[in-house]
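# Geometric and topological summary
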Number of protein chains: 2
Amino acid sequence: MKRKITLKQIARELDVSISTVSKALRNSPEISEDTKQKVQAFAKLYNYRPNNIALSLKNRKTNTIGIIIPEIVHHFFSKVIRGVELVANKRGYNVIIGLSNESFSKEVINMEMLANGSIDGFILSISKETLQQQDYHHFIETMSQGMPIVMFDRVVSDIKCDKVIVDDFKGAKNAVEKLIKNNCKSVALITTKDYVSVGKLRTQGYLEALQDHKITPQAELILKIDDTMDYEVHLDKLEAEIEQLFKSNQSIDGIFAVNELYALSAMKVASKLGLRIPDDIQVIGFTDGVLSKHSTPSLTTVSQHAQHMGERAADLLIDKLEKEFETEEEEFQTVVIATELVERESTK
Amino acid sequence: MKRKITLKQIARELDVSISTVSKALRNSPEISEDTKQKVQAFAKLYNYRPNNIALSLKNRKTNTIGIIIPEIVHHFFSKVIRGVELVANKRGYNVIIGLSNESFSKEVINMEMLANGSIDGFILSISKETLQQQDYHHFIETMSQGMPIVMFDRVVSDIKCDKVIVDDFKGAKNAVEKLIKNNCKSVALITTKDYVSVGKLRTQGYLEALQDHKITPQAELILKIDDTMDYEVHLDKLEAEIEQLFKSNQSIDGIFAVNELYALSAMKVASKLGLRIPDDIQVIGFTDGVLSKHSTPSLTTVSQHAQHMGERAADLLIDKLEKEFETEEEEFQTVVIATELVERESTK
DNA sequence: TTTTAACACGAAAACGTTTGCGTAAGACTG
DNA sequence: CAGTCTTACGCAAACGTTTTCGTGTTAAAA
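Residues numbered from 1 in each chain as written. Chains lettered and ligands numbered in written order. Predicted model: local features only at pLDDT ≥ 70, side-chain atom pairs only at ≥ 80, totals over all residues. Heavy atoms only, no water.

### Structural notes on a positive patch on the surface
A cluster of basic side chains, namely A:R3, A:K8, A:R12 and B:R60, defines a positive patch on the protein surface. As for its placement among the helices and strands, A:R12 is situated in helix α1 (residues 7-14). (Patch = residues over 30% accessible without salt bridge, like charges linked within 9 Å, V, L, I, M, F, W, Y side chains within 5 Å. Areas by Shrake-Rupley, 256 points an atom, 1.4 Å probe, with all protein chains shown as cover. Salt bridge = Lys/Arg side-chain N within 4 Å of Asp/Glu carboxyl O. Lys, Arg positive; Asp, Glu negative; His and termini not counted. Charge placed at Lys NZ, Arg CZ, Asp CG, Glu CD. Helix = DSSP H or I, 4+ residues; strand = E, 2+ residues; numbered from the N terminus.)

### Describing the relation of the copies chain A and chain B
Laying chain A over chain B is done by rotating through 180 degrees and shifting 0.0 Å along the axis; what remains is an RMSD of 0.1 Å. Put plainly, the chains are arranged around a two-fold axis. The C-alpha atom lying nearest the rotation axis in chain A is that of A:I96; the distance is 2.0 Å. A symmetric contact is evident, with 100% of the interface residues of chain A recurring at the interface of chain B. (Least-squares fit on C-alpha atoms with pLDDT ≥ 70 in both. Contact = heavy atoms within 4.5 Å.)

### Things to note about the pairing of strand β2 (residues 94-99) of chain B
For β2(B), the tally of buried residues reaches 6 of 6 residues, placing the bulk of the element in the interior. What you see with β2(B) is no split at all: B:N94, B:I96 and B:G98 on one side and B:V95, B:I97 and B:L99 on the other are buried throughout. Of the pairings in the sheet, the one linking strand β2 (residues 94-99) of chain A to β2(B) comprises 3 bridges and is antiparallel in character. Along β2(B), the bridge assignment pairs A:V95 with B:I97. Direction of pairing for strand β1 (residues 64-69) of chain B relative to β2(B): parallel, over a ladder of 6 bridges. Note on β2(B): the bridge partner recorded for B:I67 is B:I97. (Buried < 20%, exposed > 50% of the residue type's maximum accessible area, 1.4 Å probe, protein only. Pairing = 2+ DSSP bridges.)

### Examining the protein's contact with DNA strand C
Taken together, 28 residues surround DNA strand C, and among them A:T20, A:K23, A:E30, A:T35 and B:K8 come closest. A:S19 places a polar side-chain atom, nitrogen or oxygen, 3.3 Å from a base nitrogen of DNA strand C. Here B:E30 contributes a side-chain N or O atom positioned 3.3 Å from a base nitrogen of DNA strand C. Those elements giving two or more residues to the surface near DNA strand C turn out to be α2 (18-25) and α4 (52-59) of chain A together with α1 (7-14), α2 (18-25) and α4 (52-59) of chain B. If you tally residues by element for the surface near DNA strand C, the top one is α2(B), at 4 residues. Of the residues in the surface near DNA strand C, the class split is 9 nonpolar, 9 polar and 10 charged. (Near = heavy atom within 4 Å. Polar contact = N/O pair within 3.5 Å; in protein donor to acceptor, adjacent residues only side chain to side chain. Nonpolar A, V, L, I, M, F, W, Y, C, P; charged D, E, K, R; others polar.)

Dropping the structure here:
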């Protein structure tokens, strides 16, 4: 099996020293035109490319950034990755991914695997299990060893680092206000349990929108789904819960769901119960997945601009990596990405 | 900014040599129990981990595999990645991704970026542009430098390497036969232009199914979409074309589409034209995306088992990487993943 | 003719590991 | 007491780069 050609081999072949070859290839004025030409021609012929690993070792810089996400088969996360990849490549970086699979231990293992020299910094979104256990030592440790972290979407305020988040609160509030303006009198909320920060914020947005319009929130209109169970599999259970919500509250004429699947399930259940969308009931979801766009009726959603989040996160990280003089007082930014209400057929 | 601790620092601190530290940590019998304890305790205290880059350089092995795919915001590809990641991590490898964005030049650049020592081997799916230009020199070159490649899904027979493909032909044939058995008399095909290998094979499957049932294929029932245009954006154009197909061929009572979006669009158009699914018209798609499962009516599809493809591809690659004695005669495998018809509401 | 400067190149160190080999000190054998 | 064997460690090379510094040769200046 042939190996890639190295400086040493070129040097031996051309009967010069390794340093001469290196300098010739980098067009150093130290080297005569003759030699340069000879070396460059030979290098081109054999398609020489400097070994990245050797460079990384020498420069103590890998030009690679690590992404840790809970799940890749997920429109939101893959869009974020695309954003990261876009600016990373543009700025000369590679992207290496690790999946935590929503598991604490896999998150830790994956981070350790990458932190030992493979990458220069992390971009990550915290797994559900980690959020539940509230054990963040691996983040702290990583950062204390000089490796910067940028968190996105699922973040915790305990950790001091750069963050890119969606304005979940305002996005939710806008959505609910939209429903209220559209004449909904009884808006229900389908959300997650509170430990998921984004679910919590969206719930708060819902509540404040109601209060701003002098509507008293009713506990029975709020359905909190236990999302530790894989709802892709237990779709029927999810739908059953939603059906229950509808049946116990016949007055419902508006639904705000904190994600796409909940919204879609709500629409499905509503149709099944003979409710017309958006005439009898209006629905708004949260996300910019594919389902919303292609469902019938198509779903009005709060778009998170996932790709843009990825881009901002990458810029934040690379900026930090390339800042020559590290200010003694580390300063961390939190970038808030504005949401956008994409109106489709599920609202009037 | 603190850096990670190295052998050298431990050695200096404990006043022993670097080699002693290294051996002590690896539990070499050369080192006395006393020293081992001292070193190991110190290393643990400072959370020492060997630097991966240095190891990669020394071992000439990175334990990282590179994935190049045309697009990550795509259910199929992200499922493949998940499969790759799963077995890669299990077998001690990292995964680094590059997106070609369906562009030839980005594919080349990305491969070159990774091939220079960053990874041990590639898993990739060819970009559309590359397939069109039929320029495969970068694959050949990469392999000639001793870096193995495993291709999946979109492959070309010209290149000798390991491959993992879906049985597009049989999958399509089965689907069309299903429609015929379900009493469809006039089955239309919505496919891509022929340069995409998978589109071509699926078209052939369609044709053979018809012929096996003594049905003469009709050119006007075959709609070839120019998929170089971004159909997410030009959805209306796609639907217009499909509508034209329906209107010129009122007899159509079955549709086989080579991907999810075409199938969904067909259903949407059919509904618009007042056709009931599956009573008046039955539809089958090809893929295992999310849309099929959650559309109304849900779509019967040919599942490709994307995750399984990723797993097989990773195993194939790692097997090759770890085979000690390279047989002189390189042997390449082509693994064919069986498809599965997932029946949902769009067929009887 | 001697001194100096320019030129063109090579040696070596460094990045962080691992490992084969050499060796000093002490223990043991005869 | 001389010779041999263990024990426990250090040295150095290697992986592939880049870069600083040193040096020999030649041409120009004094």
